[in-house]
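Descriptive analysis of the structure
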Amino acid sequence: MAIVFTGGSVFIGDGRILDRATVIIEGDRIQKVSQKDTVLPRDAEVIDIKGKMLLPGFVDCHLHIMIDGSPNPMAAVEGNSMHMLTLRATVHARDTLMSGITTARDMGGNGVAEIAIRDAIKMGMIQGPRLLVSGQQICMTGGQG
């Protein structure tokens, strides 16, 4: 089923803003963005965004889905099992998506859990941004990893 946003402003990636625009999404792809009268798919869910602005998804190029954003994230990790950290990471993934991040690059974890989370998002099992994961960190002797 298609989702159609109508009546609001749309921020285009090149800096332009389209007023009273229509955006048609089918599956996980934007099919059309238009300011002209547009034929809507028959079974579309239409969402009026008059007075609002639709933005493109944002990309976070450096995150660690397994840890939180607390002042001392490593303290939050210590004493927790990998199972619990993985479950927390599913919450982090959902929260990241709900904040407008639609693609994120995980810059190193334990090499297993973040890959499983990426795959679970792809399969639709959990909500989260498209994840690009590097797997196990590579670090110099004595470095942070």
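**What about the overall build of the protein chain?**
When you go through the protein chain residue by residue, the secondary structure sums to 3 helices and 8 strands. Its C-alpha atoms give the protein chain principal-axis dimensions of roughly 60 × 30 × 25 Å. Looking at the protein chain as a whole, 28% of its 145 residues qualify as buried. Long-range pairs, those at least 24 residues apart, make up 59% of the contacts in the protein chain with a sequence separation of at least 6.

**Quick notes on the nonpolar core**
The biggest cluster of nonpolar side chains holds 13 residues, and the ones touching the most others in it are I65, M66 and I117. Breaking this core down by element, the ones donating at least two residues are helix 2 (82-98), strand 7 (101-106) and helix 3 (113-122). Excluding its chain neighbours within four sequence positions, the residues that come into contact with M66 are M82, L85, T86, A89, H92, D106, A113, E114 and I117.

**Thoughts on helix 2**
Given a rise of 1.5 Å per residue, 17 residues ought to cover 24 Å, and the 24 Å separating the end C-alpha atoms of helix 2 matches this to within 8%. Listing the buried residues of helix 2 in full gives L85, A89, H92, A93 and T96. The arc that holds every buried residue of helix 2, seen down its axis, measures 105°, which confines them to one face. Set apart from the buried face of helix 2 by more than 90 degrees, the exposed residues are H83, L87 and M98. Buried residues in helix 2 make contact with strand 6 (58-63), helix 1 (73-77), strand 7 and helix 3. The positive-phi residue at the C-terminal boundary of helix 2 is G100, with phi of around 105°.

**Considerations on the side chain of S9**
With respect to the secondary-structure elements, S9 resides in strand 1 (residues 2-11). Side-chain polar atoms of S9 contact the side chain of D19, separated by 3.1 Å. Other than its neighbours up to four places away in sequence, S9 contacts I17, L18, D19, I49, K52, M53 and L54.

**Comments concerning the pattern of salt bridges**
In this structure the tally under the stated criterion is 4 salt bridges. Across the salt bridge formed by D28 and R29, the nearest N and O atoms sit 3.9 Å from each other. Residue D28 is classed as exposed on the basis of its relative accessible area of 64%. With a closest N to O distance of 2.9 Å, D119 and R118 form a salt bridge.

**As for the pairing of strand 7**
In this structure, strand 6 lies alongside strand 7, joined through 4 bridges in parallel fashion. Each residue of the ladder has a partner; that of V59, found in strand 7, is T103. Viewed along the sheet, the connection from strand 7 through helix 3 into strand 8 (residues 130-133) turns out right-handed.

**Focus: the side chain of T96**
Within the secondary structure layout, T96 lies in helix 2. From its side chain, T96 meets the backbone oxygen of H92 in a polar contact 2.7 Å long. Once residues within four sequence positions are removed from consideration, T96 is found in contact with L63, I65, I101 and P129.

**A few points about helix 3**
Of all the residues in helix 3, the buried ones are A113, E114, I117, A120 and I121. Burial along helix 3 is one-sided: seen end-on, the buried residues are contained in an arc of 120°. Its buried side turned inward, helix 3 meets helix 2, strand 7 and strand 8. At the C-terminal side of helix 3, G124 shows a positive phi close to 80°.

Calculation rules
- Residues numbered from 1 in each chain as written.
- Predicted model: local features only at pLDDT ≥ 70, side-chain atom pairs only at ≥ 80, totals over all residues.
- Heavy atoms only, no water.
- Helix = DSSP H or I, 4+ residues; strand = E, 2+ residues; numbered from the N terminus.
- Buried < 20%, exposed > 50% of the residue type's maximum accessible area, 1.4 Å probe, protein only.
- Contact = heavy atoms within 4.5 Å.
- Core = buried A, V, L, I, M, F, W, Y, C linked by side-chain atoms within 4.5 Å.
- Expected span 1.5 Å × (residues − 1).
- Arc of directions from axis to C-beta.
- Polar contact = N/O pair within 3.5 Å; in protein donor to acceptor, adjacent residues only side chain to side chain.
- Salt bridge = Lys/Arg side-chain N within 4 Å of Asp/Glu carboxyl O.
- Pairing = 2+ DSSP bridges.
- Right-handed = clockwise from strand over helix to strand, strands pointing away.

Just distances and angles here, no functional claims.
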